[in-house]
Amino acid sequence: MLIYSQPLELTKLLAAIDNFLQGNLTPGWTVLVKGILVGILILAAYTLIALSLIYIERKVAAFFQARLGPNRLGKYGVIQSLADMIKILIKEVIQINKADKLLFYAAPFFVIVASVLAFGALPFGMNLHALDFNIGVFYLLAVSSLGIIGILLAGWSSNNKYSMIGAMRSGAQFISYELSAGFSLMTIVVLSGSMQFSEIIEGQRYCWNLFNGHLPAMIAFLIYLISGHAETNRGPFDLPEAESELTAGYHTEYSGLQFGFFYLSEYLNMFIVAAVAATVFLGGWMPVQIKGWEAFNQVMWYIPSWAWFFGKAGLLMFFSLWVRWSFPRLRIDLLLNLEWKYLLPINLANLLVMVVIVLSGFTLTDLFPALFGK
């Protein structure tokens, strides 16, 4: 029997906080205080991860381009992102003439709220899951789709032709590739038999879905990475904010904290895409486990579950940065052709093949139940 409560896990700390609150507060106040604490932790983690990713991308880009990157503020420039955040917070918010002020100021909040809602549903580790809905995959797809409303509002309300073109491009791109991302996740939902992230992770204890689902799972994984990359407007799919054509796209007229919201959400969306891929395809926070190798499995559990999660997500984010700094920007017609003529038909056929595989019991856990622990 494996022991899940290891010294490096946060389970004991969370249990101690819960016992303290229950011992000193009424049930109603306990729920309220716990909700406030969870909200503060989610926002703190959101900000910390975003600032870290900004620094990491600068260093990775510098590596690929044979230069140093940030190297002045702090050792190796580690506090450059913090300095930039302070600069954004104190910069003046410029008033735009003839802009629709209500929609103009509301747009950044749609974008940031959508990414925070999706971020809060991620399983960061064992017992580090703020929201574990039985329709977790559906919930995440739904709330992450709200961000496009903010982008469209930003382009429309700015009264700027470049912003409007950027917003229309982003809308076409996001809505198109959201279909492939959703079908890719549905392929694994069919394999797992559940939309709940905790159950999907538990089903990958001895075999990741990437391998358990044979070729259809690998195809779904590849299509999801492409679609997720396109949804986040990252190069070579960064047409909505193509500097050489549209200045800065849909957020051209934004400044100060409002621009910071768009900037942070872009990096967090990159993390969310990688985190969902790691959870659904690569076992999430579950350590590498081999059926019958109890000593090996126990050693793997001494590595914190959150370290497994961030390690897998980190590898996928590095791959995303590698792609961004290796390929030139696509034309908008080629980008949409890729989705509607290739990825979407392949995805639909792939989903049907996965249904046949599951109904026929051809998965690895069904073929070798003793080896993969079914």
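Check the entry above for the structure.
Note that this is a predicted model, so its numbers are computed, not measured. (Residues numbered from 1 in each chain as written. Predicted model: local features only at pLDDT ≥ 70, side-chain atom pairs only at ≥ 80, totals over all residues. Heavy atoms only, no water.)

> Help me understand the overall build of the protein chain, please; the structure alone is not making it clear to me.
Tallying secondary structure elements over the protein chain gives 17 helices and zero strands in all. For the protein chain, the C-alpha radius of gyration of 22 Å lies close to 21 Å, the compact-globule estimate for 374 residues. For the protein chain, the C-alpha atoms occupy an extent of roughly 65 × 55 × 45 Å along the three principal directions. Here the protein chain holds 374 residues, and the buried ones make up 48% of them. Counting every atom, the protein chain has about 18400 Å² of accessible surface; 73% of that belongs to carbon and sulfur. (Helix = DSSP H or I, 4+ residues; strand = E, 2+ residues; numbered from the N terminus. Rg over C-alpha atoms; globule rule 2.2 N^0.38 Å. Buried < 20%, exposed > 50% of the residue type's maximum accessible area, 1.4 Å probe, protein only. Areas by Shrake-Rupley, 256 points an atom, 1.4 Å probe, with all protein chains shown as cover.)

> I would appreciate a short explanation of the packing of helix H2 (residues 27–64) against helix H4 (residues 101–119) in the present structure.
Each pair of packed helices can be summarised by the angle the axes make with each other and by the distance between the axes. One can describe the packing of H2 onto H4 by two numbers: an axis separation of 11 Å at closest approach and a directional angle of 110°. Judged by the inter-axis angle, H2 sits roughly perpendicular to H4. Between H2, through Ile-42, Leu-43, Ala-45, Tyr-46 and Ile-49, and H4, the contact on the second element is made entirely by Ile-112, Ser-115, Val-116 and Phe-119. Grouping the amino acids of the contact of H2 with H4 by side-chain chemistry returns eight nonpolar, one polar and no charged. (Axes fitted to C-alpha atoms, helices over the stretch in contact; angles between N-to-C directions. Parallel < 35°, antiparallel > 145°, perpendicular 65-115°, else oblique. Contact = heavy atoms within 4.5 Å. Nonpolar A, V, L, I, M, F, W, Y, C, P; charged D, E, K, R; others polar.)

> Would you mind going over the pattern of salt bridges with me for this structure?
One side chain can pair with another of opposite charge once the charged atoms of both are near each other. In the structure shown here, the tally under the stated rule is six salt bridges. With a closest N to O distance of 2.5 Å, Arg-234 and Glu-57 form a salt bridge. Of this pair, Arg-234 sits in the loop between helix H10 (214–231) and helix H11 (243–246) while Glu-57 sits in helix H2, and the two are 177 residues apart along the sequence. Exposure remark for Glu-57: the relative accessible area of 3% places this residue in the buried category. The salt bridge partner of Arg-234 is Glu-266, with a shortest N-O separation of 3.0 Å. Taken together, the residues span a long stretch of sequence, with Arg-234 in the loop between H10 and H11 and Glu-266 in helix H12 (residues 256–281) at a distance of 32 residues. When its relative accessible area of 11% is taken as the criterion, Glu-266 is described as buried. (Salt bridge = Lys/Arg side-chain N within 4 Å of Asp/Glu carboxyl O.)

> I tried to follow the environment of Phe-237 on my own but got confused; where do I start?
Note that Phe-237 resides in the loop between H10 and H11. Taking the C-alpha atoms as reference points, Phe-237 and Phe-20, 217 residues apart in sequence, are found 49 Å from one another. The contact partners of Phe-237, leaving out residues within four places of it in the chain, are Gln-173, Tyr-177, Ile-226, His-229, Ala-230, Leu-330, Leu-335 and Leu-338.

> Looking at this structure, how should I read unusual backbone geometry?
Residues apart from glycine generally show negative phi values, whereas peptide bonds are mostly found in trans. Of note, the phi angle at Ala-66 is positive, near 60°, even though the residue is not glycine. Mapped onto the elements of the fold, Ala-66 is located in the loop between H2 and helix H3 (80–90). Given the relative accessible area of 74%, Ala-66 is considered exposed. Even without being glycine, Asn-233 reaches a positive phi, approximately 60°. Relative to the assigned elements, Asn-233 resides in the loop between H10 and H11. The class for Asn-233 is buried, based on a relative accessible area of 5%.

> Teacher, can you tell me more about a nonpolar patch on the surface here?
Taken together, the side chains of Leu-73, Tyr-76, Val-78, Ile-79, Leu-82, Ile-86, Leu-89, Ile-90 and Leu-257 make up a nonpolar region of the molecular surface, amounting to roughly 850 Å² of accessible area. For the nonpolar patch, the leading source of residues is H3, giving four residues. With respect to the element layout, Leu-89 can be found in helix H3. (Patch = residues over 30% accessible without salt bridge, like charges linked within 9 Å, V, L, I, M, F, W, Y side chains within 5 Å.)

> Quick question: what am I supposed to make of helix H13 (residues 294–301) here?
Note that an α-helix has 3.6 residues per turn; residues three or four places apart therefore point the same way. Among the residues making up H13, those that are buried are Asn-297, Gln-298, Met-300 and Trp-301. Viewed along the axis of H13, the buried residues span an arc of 160°, placing them on a single side of the element. Against the buried residues of H13 lie helix H14 (305–324). (Arc of directions from axis to C-beta.)

> What's the story with the packing of aromatic side chains in this structure? I'm lost.
Each aromatic ring pair is described using two quantities: the centre-to-centre distance and the angle formed by the ring planes. By the definition in use, this model includes 26 aromatic pairs. Ring centres 5.3 Å apart and planes at 85° place the aromatic pair Phe-309 and Phe-310 in the edge-to-face group. Given a relative accessible area of 32%, Phe-310 falls into the partly exposed group. Among the aromatic residues, those joined into a ring-pair cluster are Tyr-46, Phe-119, Phe-124, Phe-271, Phe-309 and Phe-310. Taking the ring centre of Tyr-267 as reference, the NZ or CZ of Arg-234 above it sits at 5.1 Å. (Phe/Tyr/Trp six-rings, centres within 6.5 Å; stacked < 30°, edge-to-face > 60°. Lys NZ or Arg CZ within 6 Å of the ring centre and 35° of its normal.)

> Please explain the nonpolar core as it appears in this structure.
Within soluble globular proteins, side chains that are nonpolar tend to cluster in buried spots. Judged by nonpolar contacts, the single largest core of 59 residues is most densely connected at Phe-119, Leu-122, Phe-271 and Phe-281. Ranked by size, the runner-up nonpolar core spans 14 residues in total, among them Ala-107, Leu-153, Ala-154 and Ala-167. (Core = buried A, V, L, I, M, F, W, Y, C linked by side-chain atoms within 4.5 Å.)

> Any chance you could explain H10 here in plain terms?
Spanning 18 residues, H10 covers 26 Å between terminal C-alpha atoms, matching the ideal 26 Å at 1.5 Å per step. Within H10, 13 of the 18 residues are buried, which leaves it mostly tucked inside the rest of the structure. Asn-233 occupies a position one or two residues after H10 and carries a positive phi of about 60°. (Expected span 1.5 Å × (residues − 1).)

> Quick question: what am I supposed to make of the environment of Leu-282 here?
Considering the arrangement of structural elements, one finds Leu-282 in the loop between H12 and H13. Using a relative accessible area of 9% as the deciding quantity, one classes Leu-282 as buried. Along the backbone, Leu-282 and Thr-47 are 235 residues apart, and their C-alpha atoms lie at a distance of 25 Å. For Leu-282, the residues in contact, after removing those within four places along its chain, are Gln-204, Trp-208, Leu-210, Ala-277, Lys-312 and Leu-316.

Just geometry here; none of it tells us what the structure is for.
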